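Letter by letter, the chains look like this.
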Amino acid sequence: MTRTQARRTRFAPGTVPVLVVLAVLLVALAFVGTAYQQPAGYLALLKRAAPLMILAIGQYFVIVSGGFDLSVGSLVTAEVVIAARLIDGDDSATGWVILVLLLIGAVVGLVNGVITTRLLVPSFIVTLGMLLVLDGAVFLWTGGAPRGALSDSFRTIGRQGIDGVPVIGQVPWSVVVLAVLVTMAVVFMRGPTGRTLVAVGDNETAVWLGGGRVERLRTLAFVLSGLSAAVAAILLGGFAGVSAQVGDGLEFRVITAVVLGGVVLGGGRGSVVAAMAGALTLESLFSLLNLLGVSGGLESTVQGVIIIAAVAYAAIDWRRKRA
Amino acid sequence: MTATQAAQPVRHNATSRGRVTPTLMVYLALVVLLVVGSVLVAMRGGVLLDHGGILNILTRSTVLGLVAIGQTMVILTGSLDLSPAYLIGLCSLIAAETMAGDPGMVVPAVLLTVGFAALVGLVNGLVITALKVNAFIATLGVALIIRGYLENTYTGPAGSVPRGFQHLGYDRIGPVPLSTVVMLVIAVAVWWYLTRTKGGYHVYAVGGDAEVARLSGIRTGRTIVMTHVLCSVMAGLAALFLVSRLGSGAPLVGADGGYDLESIAAVVLGGTLLSGGRGGVAGTIGGVLILATLDTVFDDLGVTPFLKDVVRGAVLIVAVALYARSQLARRAR
């Protein structure tokens, strides 16, 4: 069945609905907001959406291999606060601090992965514990509130772009980073490691019996998720500045995004492009609601309705196909 | 009371005789924590378990205990509830605004609050069973819907409760708050239901293997919906206690308390498997008491609240790792 499907469309199952919704939203934006009648408007949207989309890539790896990562929100906050404290306004520190941030992201992911796979603690609990630890540790270190400041060159990545590009004007650095990461993610998922990762989420035992290194793959997924949080934090820190609330609720928002992209919780199903499309859809929707004058308070309500509707829709489709 | 509670399920659930069950481990850990905590506090010239200390621990345990009891039932069926935090906020507002300081409106307000909570639980359950939405997503969705409503409608505390209703939150029997007694009575009732009735066995069966339970003739959907209704009702009761202490409803009272993830942490700390089918209320109450004792010890020691979070997270992970280890050892036999 999946074979005929694959022949009919080149998209992974569950990808088409989110792309249709995304296309509708993007067209609707052009009708509602004057800024969206030029390419720059959409580029600005991409720039805003880039952190969530990058987080969605990381979360996709974890979810598709059968886990959860609830720690990304607090990891983003921790990274931004750490960056501010380490840089403390000193421009020359930017380079090594970025490397340190990436390292911290990878280490947090590694710890999540190792505890999940070696100590057999469910990833929900591990990353929940990590959430608490990170939340506490970073403010323990800074004494309750973010300290220090980000340097201008650090903030360039989130704020500035390449100027003087014909037709579209400025290409934000975040969009460039996003494009690079998307390409890497797609290539990775088409390769043997990526395919095995999906297989781990589908049937761990089968992969294990087939000689796959299940523990190593699942750990790798968490490391990639930690790295994605580090990159997202660098972009968000530049874009929005230092705040203790920068990562609040991001873990649930990114899981919403990934699920909206048709990726099934429990693993084994869904594509990384669709997960990112889910993130972009969510951001486009918020932009659209904003333009339509819907109050910011209702953002969560909309997010809640959408997430239930998307998953219920996917479930209905499944039953029909079986019948 | 806690002693009999601890002893009973141990006897009941002991699959391998003579081994340390998670429930026993939880209460042993609690005792160790109380001893170590007492020593540490004594070294700083204080007393952990004086009148005020006991009151502090029990008061902290009450609201989280209620939510965690409900969460235990839900998790035992293999489901999950992320909605209690915002539901508590909304319920506190419903209760306080309905009462509006009028003693005559207490009973209608309580009924309305519990009824509304039950309705939300019903929605949770039906979205999961009828629409086949993953429990994580379904209850997260419902939580977000409530959150959006709260953020859009309220900016701060609203409503007020009559003086008589505040007795619920402040009256005590000796050092034990009345509300804690109510919580423990509910815990015993739920423990009896889970371990001594047909409905309770169904909860364990559905959590153990939903497909096998279904083939054995259990209405799995109905069991899951029922546990979600009960869980939300517990959140409603928790809201009533909070309202009676605060004197008015507050939209973020549940979210600030982190009762969604915290209750899951307490349940898991109490030895209940997140995947369902194994565990019980006795362990959960132990888990809640451990978290409350940790908080009280840290407060007495004057440690910053941030260290609390770090320790909590570490305790949670270590505890579950230990359970997983003993589980493995048992399987290996």
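Residues numbered from 1 in each chain as written. Chains lettered and ligands numbered in written order. Predicted model: local features only at pLDDT ≥ 70, side-chain atom pairs only at ≥ 80, totals over all residues. Heavy atoms only, no water.

Let us now look at the overall build of chain A. Counting its secondary structure elements, chain A contains 14 helices and two strands. Taken against the 2.2 N^0.38 rule, which gives 20 Å for 323 residues, the C-alpha radius of gyration of chain A at 20 Å falls within 12% of a compact globule. Its C-alpha atoms give chain A principal-axis dimensions of about 60 × 55 × 35 Å. Across the 323 residues in chain A, those meeting the buried criterion constitute 52%. Taking the contacts inside chain A whose residues are at least 6 apart along the sequence as the reference set, 76% of them involve residues at least 24 apart. Total accessible area on chain A is roughly 14,000 Å²; 64% of this is exposed by carbon and sulfur atoms. Where the 22 positive side-chain charges of chain A centre and where its 16 negative ones centre are 15 Å apart. (Helix = DSSP H or I, 4+ residues; strand = E, 2+ residues; numbered from the N terminus. Rg over C-alpha atoms; globule rule 2.2 N^0.38 Å. Buried < 20%, exposed > 50% of the residue type's maximum accessible area, 1.4 Å probe, protein only. Contact = heavy atoms within 4.5 Å. Areas by Shrake-Rupley, 256 points an atom, 1.4 Å probe, with all protein chains shown as cover. Lys, Arg positive; Asp, Glu negative; His and termini not counted. Charge placed at Lys NZ, Arg CZ, Asp CG, Glu CD.)

Once that is clear, we can look at the interface of chain A and chain B. With 41 residues of chain A in contact, the opposing surface of chain B contributes 40 residues. Roughly 3,300 Å² of surface becomes buried between chain A and chain B when both sides are summed, with 83% attributable to carbon and sulfur atoms. Counting across the interface, chain A meets chain B through zero salt bridges. Scanning the region where chain A abuts chain B turns up three residue pairs in polar contact (both at pLDDT 80 or more). Contributing elements (two or more residues each) for the side of chain A that touches chain B: α6 (123-142), α12 (250-260) and α14 (299-322) of chain A. Of the residues forming the side of chain A that touches chain B, the biggest block, 14 residues, is contributed by α6 of chain A. A breakdown of the residues in the side of chain A that touches chain B according to their chemical character gives 29 nonpolar, ten polar and two charged. (Buried area = accessible area lost by both parts, 1.4 Å probe. Salt bridge = Lys/Arg side-chain N within 4 Å of Asp/Glu carboxyl O. Polar contact = N/O pair within 3.5 Å; in protein donor to acceptor, adjacent residues only side chain to side chain. Nonpolar A, V, L, I, M, F, W, Y, C, P; charged D, E, K, R; others polar.)

A few words on the pattern of salt bridges. Two side chains carrying opposite charge are able to pair once their charged atoms lie near each other. Summed over the entire model, instances satisfying the criterion amount to nine salt bridges over all chains. Arginine 253 of chain A serves as the salt-bridge partner of glutamate 299 of chain A, at 3.2 Å between the closest nitrogen and oxygen. Of this pair, glutamate 299 of chain A sits in helix α14 while arginine 253 of chain A sits in helix α12, and the two are 46 residues apart along the sequence. In this structure glutamate 299 of chain A comes out as partly exposed when scored by relative accessible area, which is 27%. Linked by salt bridges that have partners in common, Arg60, Glu262, Asp295, Asp299, Lys308 and Arg312 of chain B make up one network.

Bringing the confidence of the model for chain B into the picture now. Residues and elements named next belong to chain B. Summary statistics for chain B give a mean pLDDT of 88 and a share of 93% for residues scoring 70 or more. Considering each helix and strand of chain B separately, the mean pLDDT is smallest for helix α1 (residues 2-13), with a value of 42, and largest for helix α5 (residues 106-129), with 96. The low-confidence segment residues 1-17, where pLDDT is below 50, has 24 contacts with residues more than four positions distant or belonging to other chains. (pLDDT = per-residue confidence, 0-100.)

In this section: helix α14 (residues 281-301) of chain B. Residues and elements named next belong to chain B. The end-to-end C-alpha separation of α14 is 30 Å, in line with the 30 Å expected for 21 residues at 1.5 Å each. Within α14, 19 of the 21 residues are buried, leaving the element largely enclosed by the surrounding structure. One or two residues past the end of α14 sits glycine 302, with phi positive at roughly 70°. (Expected span 1.5 Å × (residues − 1).)

Residue and element names in this part refer to chain A. It is at 9 Å that the axes of helix α8 (residues 173-190) and helix α13 (residues 272-291) come closest, and there the two elements cross at 145°. Touching Val182, Ala185, Val186 and Met189 of α8 are Val272, Val273 and Met276, all from α13. Tallied by class, residues from the contact of α8 with α13 come to seven nonpolar, no polar and no charged. (Axes fitted to C-alpha atoms, helices over the stretch in contact; angles between N-to-C directions.)

Another point: the packing of helix α3 (residues 39-64) of chain A against helix α11 (residues 214-240) of chain A. All names here are of chain A. For the pair α3 and α11, the least separation of the axes is 7 Å and the interaxial angle reads 170°. Relative to α11, the element α3 is oriented roughly antiparallel. When α3 is examined against α11, the residues Lys47, Arg48, Ala50, Pro51, Ile54, Leu55, Gly58, Gln59, Phe61 and Val62 are found in contact with a partner set consisting of Ala221, Phe222, Leu224, Ser225, Ser228, Ala229, Val231, Ala232, Leu235, Leu236 and Phe239. Among the residues forming the contact of α3 with α11, the class breakdown is 15 nonpolar, four polar and two charged. (Parallel < 35°, antiparallel > 145°, perpendicular 65-115°, else oblique.)

With that settled, the discussion passes to empty space enclosed by the protein. Per the stated rule, a full pass over the model turns up three cavities of 30 Å³ or more. Of the pockets and cavities examined, the largest cavity occupies roughly 50 Å³. Around the largest cavity, the lining residues are Leu132 of chain A together with Glu262, Ala265, Leu269, Leu291, Arg312 and Leu316 of chain B. Listing elements by their share of the lining of the largest cavity, those giving two or more residues are α13 (259-269) and α15 (305-332) of chain B. Broken down by element, the residue count for the lining of the largest cavity peaks at three residues, all from α13 of chain B. In the lining of the largest cavity, the residues fall into five nonpolar, no polar and two charged. (1 Å grid on protein atoms, 1.4 Å probe; cavity = no way out; pocket = protein on both sides within 12 Å on 5 of 7 lines; lining within 4 Å. Points joined across faces, edges and corners; volume = space filled by probe spheres on them.)

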